[in-house]
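# Fold and contact review
Now for the letters of each chain:
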Amino acid sequence: MTAARTFFVGGNFKMNPTTYSGVKALIDDLAAADIDPKAEIVVAPPTLYLIPAAAHLATLKPSFTFNISAQNVYSKTNGAFTGEISPEMLVDAGIKYTLTGHSERRTLFKDTSDTVAARTKAALDAGIKVIFCIGETLDEREGDKTMSVCEEMIKAVVNVISEKDWANVVIAYEPVWAIGTGKVATSAQAQDVHHQIRAYLSANVSQNVAEATRIIYGGSVTAANCKELATCPDIDGFLVGGASLKPEFVQIGNARRA
Ligand code: PEP
């Protein structure tokens, strides 16, 4: 069924670059690059730069689908929530995607499975597509808890969104031990978890959702390791941190290209 799932590559710029001109240069370089027209590319600059980045991208003519994403979103429309932005604000700004539940949000900023699920639901309700991130720590992997941890994170979302909402969700499986460490999961490790996530969706949402949902891998993906990972039947693309700031991001976007 892989053919039906559009290859998806997300670039999470995190708190980089530190100037708008740096963000614009990355977008310009990508939009001009020769990337697989069958791929969908989405980059997530820092919040402050979302509006000019989206406005600038709208003036460019990439030969592939190219969108801008937020890195996080709150679960309320407006109000006394200092420092947060709402899904409605993203809609107003013309932003199509948001990440939710990135491991840095979960660990550094104490997002929980329930608050991530609430953010995910609020974004979907407003019409924003979601790159929903999950993954286990090294201790959890070594304690044989990878699937119970991932399933608990997914279950919180399954509990609050409807079956049709899944059409607008991309699941990013990002083992925490692989993020920013240079230690990429082997393709066998990643494929195994992706396969089990799909089985979980089949058992707990529906077979259709399991077959249609894109499950992407994140964690030290580079030009050197992306091709092999991209051959795995349940890996539908990547979420890329460090390498999304480098020219090699183009090669990652082309990981499925013959
Ligand atoms: C990420 O931040 O989502 C990520 C996968 O980072 P890196 O590619 O740098 O490991």
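Figured I'd write up the structure that's included with this text. (Residues numbered from 1 in each chain as written. Predicted model: local features only at pLDDT ≥ 70, side-chain atom pairs only at ≥ 80, totals over all residues. Heavy atoms only, no water.)

## Some thoughts on the layout of surface pockets
Here the largest pocket is characterised by a volume of approximately 540 Å³. As for the largest pocket, its lining consists of 19 residues, of which Thr47, Gln71, Asn72, Arg105 and Phe109 are closest to the centre. Per element, the largest residue contribution to the lining of the largest pocket is 3 residues, and it comes from helix 4 (residues 103-108). Here the lining of the largest pocket is composed, by residue class, of 9 nonpolar, 6 polar and 4 charged. The computed volume of the second largest pocket comes to approximately 230 Å³. Considering only residue class, the lining of the second largest pocket consists of 6 nonpolar, 9 polar and 3 charged. (1 Å grid on protein atoms, 1.4 Å probe; cavity = no way out; pocket = protein on both sides within 12 Å on 5 of 7 lines; lining within 4 Å. Points joined across faces, edges and corners; volume = space filled by probe spheres on them. Helix = DSSP H or I, 4+ residues; strand = E, 2+ residues; numbered from the N terminus. Nonpolar A, V, L, I, M, F, W, Y, C, P; charged D, E, K, R; others polar.)

## Digging into the site of the ligand
With respect to spatial proximity, 14 residues lie near the ligand, and among them Lys14, Glu174, Gly180, Ser220 and Gly241 are the closest. Here glycine 180 contributes a backbone N or O atom positioned 2.6 Å from an oxygen atom of the ligand. Judged by the fraction of its atoms near the pocket grid, the ligand is located in the second largest pocket. Of the residues belonging to the shell around the ligand, the class tally is 4 nonpolar, 8 polar and 2 charged. (Near = heavy atom within 4 Å. Polar contact = N/O pair within 3.5 Å; in protein donor to acceptor, adjacent residues only side chain to side chain. Sits in = over half its atoms within 2 Å of the grid points.)

## A closer look at the packing of helix 5 (residues 113-126) against helix 7 (residues 146-158)
Packing of helix 5 against helix 7 brings their axes to within 8 Å, and their N-to-C directions diverge by 40 degrees. Overall, the two elements helix 5 and helix 7 adopt an arrangement that is oblique. Crossing angle aside, the handedness with which helix 5 passes helix 7 is right-handed. Each of Ser113, Asp114, Ala117 and Thr120 in helix 5 lies in contact with helix 7, whose residues at this interface are Glu152, Met153, Ala156 and Val157. Looking at the contact of helix 5 with helix 7 residue by residue, the classes come out as 4 nonpolar, 2 polar and 2 charged. (Axes fitted to C-alpha atoms, helices over the stretch in contact; angles between N-to-C directions. Parallel < 35°, antiparallel > 145°, perpendicular 65-115°, else oblique. Left-handed = near helix turned anticlockwise from the far one by under 90°. Contact = heavy atoms within 4.5 Å.)

## Observations regarding unusual backbone geometry
For the bond from asparagine 16 to proline 17, the omega torsion is -25 degrees, close enough to zero to count as cis. When you line up the elements, proline 17 lands in the loop between strand 1 (8-12) and helix 1 (20-32). Its identity as a non-glycine residue notwithstanding, lysine 110 has a phi of 60 degrees, on the positive side. Its place among the elements puts lysine 110 in the loop between helix 4 and helix 5. With a phi close to 60 degrees, aspartate 144 is a non-glycine residue in the positive phi region. By the element assignment, aspartate 144 lies in the loop between helix 6 (138-142) and helix 7.

## Section: the sheet that holds strand 3 (residues 65-70)
Pairing is parallel around the closed barrel formed by 8 strands, whose spatial order is 1-2-3-4-5-6-7-8. Strand-to-strand twist in this sheet, taken as the mean axis angle between neighbours without regard to direction, amounts to 25 degrees. The pairing of strand 4 (residues 97-100) with strand 5 (residues 129-134) spans 4 bridges and is classified as parallel. Opposite threonine 98, over in strand 5, you have valine 130 as the bridge partner. Across the sheet, helix 1 is in contact with strand 2 (40-44) and strand 3; its angle to strand 3 comes to roughly 155 degrees. Against the sheet, helix 7 touches strand 5 and strand 6 (169-173), its axis set at about 150 degrees to strand 5. (Pairing = 2+ DSSP bridges.)

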